[in-house]
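Listed here are the chains, written in short residue letters.
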Amino acid sequence: MSVDQTDASISNELEREVARRRTFAIISHPDAGKTTLTEKLLLYAGAIELAGAVRGRKARRHATSDWMALEQERGISITAAALEFELDGRRMALLDTPGHKDFSEDTYRALIAADSVVMVIDAANGVEEQTRKLFEVCRRHRLPILTFINKLDRPARDPLELLDDLERTLGIAAAPVNWPIGSADAFRGVYDIDRRHLLLYEREAQGQFRAPVDIAALDDPAALALIGDSVYAHFIESLEVIRAAGTAYDFTEYRAGRQTPVFFGSALTNFGLEPFLRAIVELAPPPQPRLSDAGPVSPTDERFTGFVFKIQANMDPRHRDRVAFVRVCSGRFAKDMALVNSRIGRPIRASRAYRFFGRDRETVNDAYAGDIVGLVNPGQFAIGDTLHTGATVRFSDVPRFPAEHFGRARLQDTRYKQFDEGLRQLEEEGLMQLFYVDGGRREPIVGVVGALQLDVITSRLRTEYGVDAQIETASFAAARWVADPAIRIPPLGGGAAVALDRLDRRAILFASEWEVQYFERQHPDVALLAESPA
């Protein structure tokens, strides 16, 4: 085989592998059913054999993605986990983001590594606060969004009202792909608008296995008898409104992030999942070009590029290892290949590379754009690092999102070395931000996005580092970095304080958002940054 033929073969293989990748994340408000939907998608894909809701019977397993002790104790997802599986010839990478109201920065960063998003909405509550926050990140990064309106087997708002809520609250066009027939005890199924057929709902105890689905024409007498006159009349009336004045699905608008196709169903009872799963496979985009300092990097570029979006310590307590999660952006990754970290400018051999399924791992021999690779991290990687072969390139920095809750970390024993090391590693993961006020290195201020992370810090210090520590609530509500390291900071009033972060960059801790705004009005010459400076 000639050199040209070899190059063409490599290029064809690369294009084929990239084209079949789908990398997506799931977002929702707490208790909308995200974790249940995640496990049911894995069930339908054949990746697991038995699904168990997080709050299900004690005999059921914990959610596949929930590996941390605190997650299993509380029945919630705290960390973002990578779950990869094969489905209908596609290589799916699901970034399972925490849905709890006290999620961390980890949640936001997972979205930056995804190519598209699944948004789960509770049919009784509509769009809620945490969904809005996560949606704004998706909007900024122009991520296509598929919406699954969940829990139709329970009392729900009118579907027309839910669509209006999506459009008014989020400012995105909502295009129904199917339409529900009733809700709660009167829930009878969904109607596929494009294919013009009815999926009849059949209740099944526990919802642990794939629910049987019957398909019937809309005017089938048996279907009409099952639906009932009043439910059928309301269904037909709302369907006519959708056909006359609703938003029609448009592939281009969806891919541009301006429209979200909407599906209805019940994840707990497995109803409506098959058409939704089919939509993820058929509609969600393959890996897209990524912006860098050298311009867009195509996923089919033959040189390897990727970036670190997450670092996790102690996933395997027996080995006390630290794993850097890398989103592959272009080319082919091969085990033992030499990668350059653009931040430090020297090559690193990727000798220990893994693919993850929650806590389980397997050695990776190769990977392509869209895949998530875990590299054992001996302290050489940081969040936002660009890894590459060939010419130097650097992707945009992964932002640090503003902390909203603060606490003072206090050691309860004398294990200062372990205390400092634990805090250092947890901050390197991006779990929190560390600040030191008035030289108080022994009692740092920790800043987090969600208050639950304060409990996560003490739990992990105890279980992973053997450190007994407490975090007492601090009277701060916002942190802002000082843009100019040389400028003089004027005297501060109220509850504000000058602090240094772990890299000795100056920041001001404020007691309220009002204090931030007042300071900015009074001192327009002192530029403040909500995100840490590079």
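Rules used in this analysis
- Residues numbered from 1 in each chain as written.
- Predicted model: local features only at pLDDT ≥ 70, side-chain atom pairs only at ≥ 80, totals over all residues.
- Heavy atoms only, no water.
- Helix = DSSP H or I, 4+ residues; strand = E, 2+ residues; numbered from the N terminus.
- Buried < 20%, exposed > 50% of the residue type's maximum accessible area, 1.4 Å probe, protein only.
- Contact = heavy atoms within 4.5 Å.
- Areas by Shrake-Rupley, 256 points an atom, 1.4 Å probe, with all protein chains shown as cover.
- Pairing = 2+ DSSP bridges.
- Phe/Tyr/Trp six-rings, centres within 6.5 Å; stacked < 30°, edge-to-face > 60°.
- Lys NZ or Arg CZ within 6 Å of the ring centre and 35° of its normal.
- Right-handed = clockwise from strand over helix to strand, strands pointing away.
- pLDDT = per-residue confidence, 0-100.
- Polar contact = N/O pair within 3.5 Å; in protein donor to acceptor, adjacent residues only side chain to side chain.
- Core = buried A, V, L, I, M, F, W, Y, C linked by side-chain atoms within 4.5 Å.
- Arc of directions from axis to C-beta.

Trainee: Explain the overall build of the chain here, please?
Mentor: Looking only at helices and strands, the chain has 13 helices and 29 strands in total. Looking at the chain as a whole, 56% of its 534 residues qualify as buried. Restricting the contact set of the chain to residue pairs at least 6 apart, pairs at least 24 apart contribute 71%. Accessible area for the chain stands at about 22,400 Å²; split by element, carbon and sulfur atoms hold 48% of it.

Trainee: Just to check I follow, could you spell out the sheet that holds strand β28 (residues 506-510) for this structure?
Mentor: Hydrogen bonds between backbone groups are what pair the strands of a sheet, and the pairing can be parallel or antiparallel. With antiparallel pairing, 8 strands are arranged side by side in an open sheet as β25-β22-β24-β23-β27-β28-β26-β29. Only two strands of the sheet have a single neighbouring strand rather than two, namely β25 (469-473) and β29 (528-529). Examined bridge by bridge, strand β26 (residues 478-482) and β29 share 2 bridges and lie antiparallel to one another. Residue pairing in the sheet places V482 in a bridge with L528 of β29.

Trainee: What is the right way to look at the packing of aromatic side chains in this model?
Mentor: Scanning the model with the defined rule gives 16 aromatic pairs in all. Consider the rings of F187 and Y201, whose centres lie 4.9 Å apart with planes at 40°: the pair is tilted. Within this pair, whereas F187 is found in the loop between β7 (178-181) and β8 (189-192), its partner Y201 is found in the loop between β9 (197-200) and β10 (214-216), the two being separated by 14 residues in sequence. You can call F187 buried: its relative accessible area is 2%. In textbook terms, an aromatic cluster arises when at least three aromatic residues are bridged by ring pairs, as seen for F406, F435, F476 and W481. Taking the ring centre of F325 as reference, the NZ or CZ of K310 above it sits at 5.7 Å.

Trainee: Can you walk me through the pairing of strand β4 (residues 116-122) in this structure?
Mentor: Across a regular strand the side chains alternate sides, sitting on one face of the sheet and then on the other. With 7 of 7 residues buried, β4 is to be regarded as a mostly interior element. By the bridge criterion, 5 bridges tie strand β1 (residues 21-28) to β4 in an arrangement that is parallel. Paired with S28 across the bridge in β4 is V120. Here 6 bridges tie β4 to strand β5 (residues 145-150), and the two strands are oriented parallel to one another. The residue bridging I121 from the neighbouring strand is I149, located in β5. Taken together, β4, helix α5 (residues 129-140) and β5 form a β-α-β motif whose crossover is right-handed.

Trainee: I would appreciate a short explanation of the confidence of the model for the chain in the present structure.
Mentor: Residues shown with low pLDDT carry predicted positions that ought not to be read at fine detail. Per-chain confidence: the chain averages 84 in pLDDT, with 85% of residues scoring 70 or above. Across residues 51-68, confidence stays below pLDDT 50; counting only partners more than four residues off in sequence or on other chains, it has 54 contacts. Low confidence marks residues 74-80, where pLDDT is under 50. Its contacts with residues over four positions away, or in another chain, come to 40 contacts.

Trainee: Looking at this model, I keep getting lost on the side chain of N150. Mind explaining?
Mentor: Locating N150 in the fold gives a position in strand β5. We classify N150 as buried; its relative accessible area is 3%. A distance of 2.8 Å separates a polar side-chain atom of N150 from the backbone nitrogen of A267. Those residues in contact with N150 that lie beyond four places of it in its chain are A32, G33, V120, I121, D122, A123, G265, S266 and A267.

Trainee: Sorry if this is basic, but what is going on with the environment of L43 here?
Mentor: Its place among the elements puts L43 in helix α2 (residues 34-44). Looking at L43, the relative accessible area reads 8%, which means it is buried.

Trainee: What is the right way to look at the environment of F510 in this model?
Mentor: Residue placement: F510 occurs in strand β28. Counting along the chain gives 32 residues from F510 to A478, while the straight-line C-alpha distance between them is 5.2 Å. Ignoring sequence-local partners within four residues, the contact set of F510 consists of F476, A477, A478, R480, A496, E515, V516, F519 and L528.

Trainee: Is there a simple way to think about the nonpolar core in this case?
Mentor: Counting 86 residues, the largest nonpolar core has L95, L111, I149, L166, F333 and L375 as its most contacted members. Residue contributions to this core peak at 6 residues, all from strand β13 (residues 322-330). Filtering out sequence-adjacent residues up to four positions away, I149 remains in contact with I121, A123, L162, L166, V262, F263, F264 and G265. Counting residues in hydrophobic clusters, the runner-up holds 29 residues, among them Y44, F148, L273 and I280.

Trainee: How should I be thinking about unusual backbone geometry in this particular structure?
Mentor: Negative phi values dominate among residues other than glycine, just as trans dominates among peptide bonds. The phi torsion at A184 lies on the positive side, around 55°, for a residue other than glycine. Tracing the sequence through the fold places A184 in the loop between β7 and β8. Using a relative accessible area of 14% as the deciding quantity, one classes A184 as buried. A positive phi angle, near 60°, is found at D504, a position not held by glycine. Within the secondary structure, D504 sits in the loop between β27 (497-501) and β28.

Trainee: Would you mind going over helix α13 (residues 513-522) with me for this structure?
Mentor: Looking at α13, one finds that the buried residues are E515, V516 and F519. Across the axial projection of α13, the buried residues extend over an arc of 105°, all falling on one side. Set apart from the buried face of α13 by more than 90 degrees, the exposed residues are W514 and R521. On its buried side, α13 packs onto β26, β28 and β29.

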